[in-house]
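# Geometric and topological summary
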Amino acid sequence: MFESLIGLVAIIALFVIISRQRSRIGLIERELGALRSLVLSGVHVAPPQAKPVEQAANDSTPADAAIAAVTDIAPPAAGEAAAEEKPPTQVEAGEAASGPWAAGEAAPAGPAPAQPAAATAKAAQKPDIETALGTRWAVWVGGIALALGGLFLIRYTIEAGIFGPGVRLSMAAMLGLVLVAVGEFIRRTGFKVPVQGVAGAYIPAILTAAGAFILFGTVYAAHGVYGFIGPALAFTLLGAIGVATIAAALVHGQALAGVGLLGAVVTPMLVASQAPNPWALFGYLAIVLAATGVIARLRDWKLLMAAAFVGTGLWTILYMTDAPGTNLPVVLFINAVTLAVLALVWLGRRGGEAGPASGFDWPSVAPGFFVGLSAMALFVDPAYAAGDALPGAAALIAALVAVALYRPLALALLHAAGLATVLVYLGIIPPTSVASDFSGGALGVDGLPAAVADTLMLRIGIFLGLVFIAAGFWAARKFAASAHIRAASWAAWEVVAPLVILLALWFTFGNLDRDLVYAAVAALLMVVFATGGEWIARGEQPPLRGGAAVSFALGGAAVAALLMLYMAFGSGWTTMLLGAAAIVPALATRWRAYPVLGWISVAAVIAVLGRIAFDPTIVGAEFLSRTPVFNWLLLGYGVPALAFGFAAWQLARTTNGRPRLAMEAGAALFAVLTVAILVRHAMHGGVIDTGAATLAEQAIYTLIAIGAGAILVAIDMRSPSLVLRYGSLAAGVVSVAFIVIQHFVALNPLFTDESTGRIPVFNLLFLAYLLPAIAAGGLALYARDKRPKWYAAMLALMAALLAFVYATLSVRRLFKGEFVGLWSGLGQLETYTYSALWLIIGVALLTAGVWLKSQVLRVASAALISVAVLKVFLFDMSELEGVLRALSFIGLGAVLIGIGLFYQRLLTRAARGSSV
């Protein structure tokens, strides 16, 4: 099947090439005939000047350029003959430069002639099928055909029984060696790729790859099929072929190195042994890795180096997961070799290389991933954790940090070390798990139980924490002026890894209620991180700029301070001190303009919010005093409110950025929360988390919301702020929502029949309706020219409705007493009083609307009077009798006529003013 496919492709390629050449021959014949006619006619024709190869490539298609490049070569001159006698080393260097697959992998020996960009673009835009078939596809298919032909020949001799196994294998080996020799002969005889863009069809490399492929198959057949050679010899021969193929890539290109590397990595899978020796396996892999590293380093082949690291890493992980009785020294050995090849071979210093402050080596991602994974496996696999593997795992993580510090381009190793450390120590916190596997109470990473926490994990945690702190600060200071991202990466892991280790050890070994030892360690970390951040800042350009590295260091100091408070103090003192701690970074802005300082204050607001969301009672419900006002609630909510306000005031005078707005919002929020929580505590007998809200309590919340809106407006007028502006709008909207939902519907005593109190005036109705009406009206009047029109109109309408409800319910209380529920019905005098009252309120609203020039109040007056009219005509006419019915209609008529006269007079006065 495959032979037919190869034949079909060859026939198609041959047909296309022949058809194109026939058209070219016809064109040449016509041109020769025209020239012959001109010569016979006696016309003088100037000899054509030779075109450079580049010009020929510009004037014709790529195929024409190839033909021109071959046919227009002049006889060698004396200088060229002398050039041919150059030393063999120079010839090989020049030929090696022309051989590799990828263009530009090795610099040419001499300056290349410049080619016009237009011709290059034209050739790239119009690929020629003939050039592709004749120069690239034919070579590739031919190489594959040669390799498969050798295998098919062996197969044929087996099926036909012509030769014995030994002869067949000898013939196959001879064919492979012949192909390698022919490839080397063609290369040494001065083979050059004549057409630009077809370096991928470098024939010597194709022949060498085909020969190596046949040799691999021959050795494997001698061992795996016929058993002529033992596993040791087969392993040695296959490894030697792979390493030799990789070495041959120095003159043949990266693709041949890939073939050799693939064969070398697959060799251990092809050769089976009854008693496998891990030292032999990984010693062989170490040799292959080192040889590949040297060759990849000489040619700067990143893909080849990455592939070698991946192959070695896969073998390591496969051995650790599947091999019974895994040998710990072998695992440590191959990981150490991997890091040594990366640091000493692949990333070795070279002349003219860019400074270490720039760039990133992406092949180092592979060793970082596999070495970090190996270290994690040593921590979590019980086959290792039960023994002495934990120090070895810690040594691997420390080695990752050391190599990243020694070779700055290998920054991926730092991230691998930090991530492995964080995952391992998060996995020892009971009852959590890296893989979130809670089955049977076991911790696990991908189903593997985590290491049992003991004192060894504590000592290793201290060691790794010191490694990250020392290396992180040194590297962050070193790169602070030149490589900001690299410095930030070091500073980030320098604080994240030690903090996670401290947190995990505290949860595992410490006292979660109060532990002064761990609190002292957290305090020490806070001082170290803050001092280190200042040290890094002094190394910046310009100094004390407060970049990302400094931000990570100071942020770590803030987190360490938070842990210190939680470890050293109880819940009440922690909440209060955490809120007060927001002042410290705000005050620090007097001496340092680091942008992170303001955001640390904002983080304190978020931390306190999370703390009170977890426990609104601050100290626990059983320990909260029932004394009104003077209890832990006043300190837990009031102290942070004052601290946030002071921090906002301080930031407004130094940095005056977004953190200041956030602190203002935090101060306003906590001020409202303080008053609201104290009210709830007082009205529920010292309990804040049980019991439904009453109308009196809700009235206080509404007054607090309205008052908060007024305070925010006033502060915004003195110190404009978007937070204060939108915060005041939000407070107004929330207060209106309270009024509509709670005061008018849910907690209305008309529906709930709640007691309104025995005092005539200062009762529940006064607190729940009249005071909010006055507050809303006052805020609407104050905010008329300071806030949007809809805001003032909304508050004015709510004030009018509250006054209307207060007056109506007060009348009902006058007739019904303490309880005003609807169940007690309506009397005739009470019904008439409502009509009169509503008309009076309507007139009062009209007067206030005219005096205050408020259209909202005037519209509300018209609506209320309309309701009174409907009531008189629809309700009073049928329910009232005698003089009350007459007085109802008389009063309504008088009021309506009076309103008409009032409006006519206003319109007349307005008309006179406009005419003047």
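To be clear, the structure that these remarks concern was listed above.
Computed from a prediction, not measured in an experiment: that's the story for all the values here.

### Topic: the overall build of the chain
Check the secondary structure of the chain and you find 35 helices and 2 strands. Taking all 916 residues of the chain together, 43% fall into the buried category. Within the chain, residue pairs in contact and separated by at least 24 positions form 72% of the contacts whose partners lie at least 6 positions apart. Total accessible area on the chain stands at roughly 45,200 Å², and carbon and sulfur atoms take up 71% of it.

### Some points on the packing of helix 17 (residues 389-406) against helix 18 (residues 411-426)
Two numbers describe how helix 17 lies on helix 18: the axes approach to 8 Å, and their chain directions differ by 155 degrees. With respect to helix 18, the element helix 17 is oriented roughly antiparallel. Helix-helix and strand crossings are classified by hand; for helix 17 and helix 18 the assignment is left-handed. Between helix 17 and helix 18, the residues in contact are Ile-397, Leu-400, Val-401, Val-403 and Ala-404 and Leu-413, Leu-414, Ala-417, Ala-420 and Thr-421, respectively. Along the lines of polarity and charge, the residues of the contact of helix 17 with helix 18 split into 9 nonpolar, 1 polar and no charged.

### Some remarks on empty space enclosed by the protein
As enumerated under the stated definition, the model contains 4 cavities of 30 Å³ or more in all. By volume, the largest cavity is sized at about 60 Å³. Lining the largest cavity, in full, are Phe-309, Thr-312, Gly-313, Thr-316, Ile-334, Asn-335, Thr-338, Ala-366, Pro-367, Phe-370, Val-371 and Ser-374. Of all the secondary structure elements, the ones that give two or more residues to the lining of the largest cavity are helix 13 (302-322), helix 14 (328-346) and helix 15 (365-380). Of the residues forming the lining of the largest cavity, the biggest block, 5 residues, is contributed by helix 15. Classifying every residue of the lining of the largest cavity gives 6 nonpolar, 6 polar and no charged. Looking at the lining of the second largest cavity, the elements with two or more residues in it are helix 20 (484-509) and helix 22 (548-568). Taken together, the residues that form the lining of the second largest cavity break down as 5 nonpolar, 2 polar and 2 charged.

What counts and what doesn't
- Positions within a chain are numbered from 1, following the residues in the order the chain's sequence is written.
- Local features are withheld for residues below a pLDDT of 70 in this predicted model, meaning they are given only at 70 or higher, and side-chain atom pairs are given and counted only at 80 or more; totals for whole chains, interfaces and linings count all residues.
- Hydrogens and water molecules were not included; the side-chain quantities draw on all heavy atoms of the structure.
- Comment: elements are numbered from the N terminus, with helices defined as DSSP H or I runs of at least four residues and strands as E runs of at least two.
- Think of it in three bands: residues with accessible area under 20% of the maximum for their type are buried, residues over 50% are exposed, and the middle band is partly exposed, with areas taken using a 1.4 Å probe on protein chains only.
- Any pair of residues with heavy atoms lying within 4.5 Å of one another is described as a contacting pair.
- All accessibility values rest on the Shrake-Rupley procedure with a 1.4 Å probe; residue burial counts only the protein chains present in the view.
- Where helices are involved, their axes are fitted lines through C-alpha atoms of the stretch in contact, as for all axes, and angles between N-to-C directions lie from 0 to 180°.
- Working definition: roughly parallel below 35 degrees, roughly antiparallel above 145 degrees, roughly perpendicular at 65 to 115 degrees, and oblique for all remaining angles.
- For a crossing to be left-handed, the near helix must be turned anticlockwise from the far one by less than a right angle; the clockwise case is right-handed.
- Note on residue classes: Ala, Val, Leu, Ile, Met, Phe, Trp, Tyr, Cys and Pro are nonpolar, Asp, Glu, Lys and Arg are charged, and everything else, Gly too, is polar.
- Buried and open spaces are told apart on a 1 Å grid over the protein atoms alone, a cavity being a set of points where a 1.4 Å probe fits but cannot get out and a pocket being an open set with protein on both sides within 12 Å along at least five of seven lines. Residues with an atom within 4 Å of a point are the lining residues.
- Grid points are joined across faces, edges and corners, and a volume is the space filled by probe spheres set on the points.

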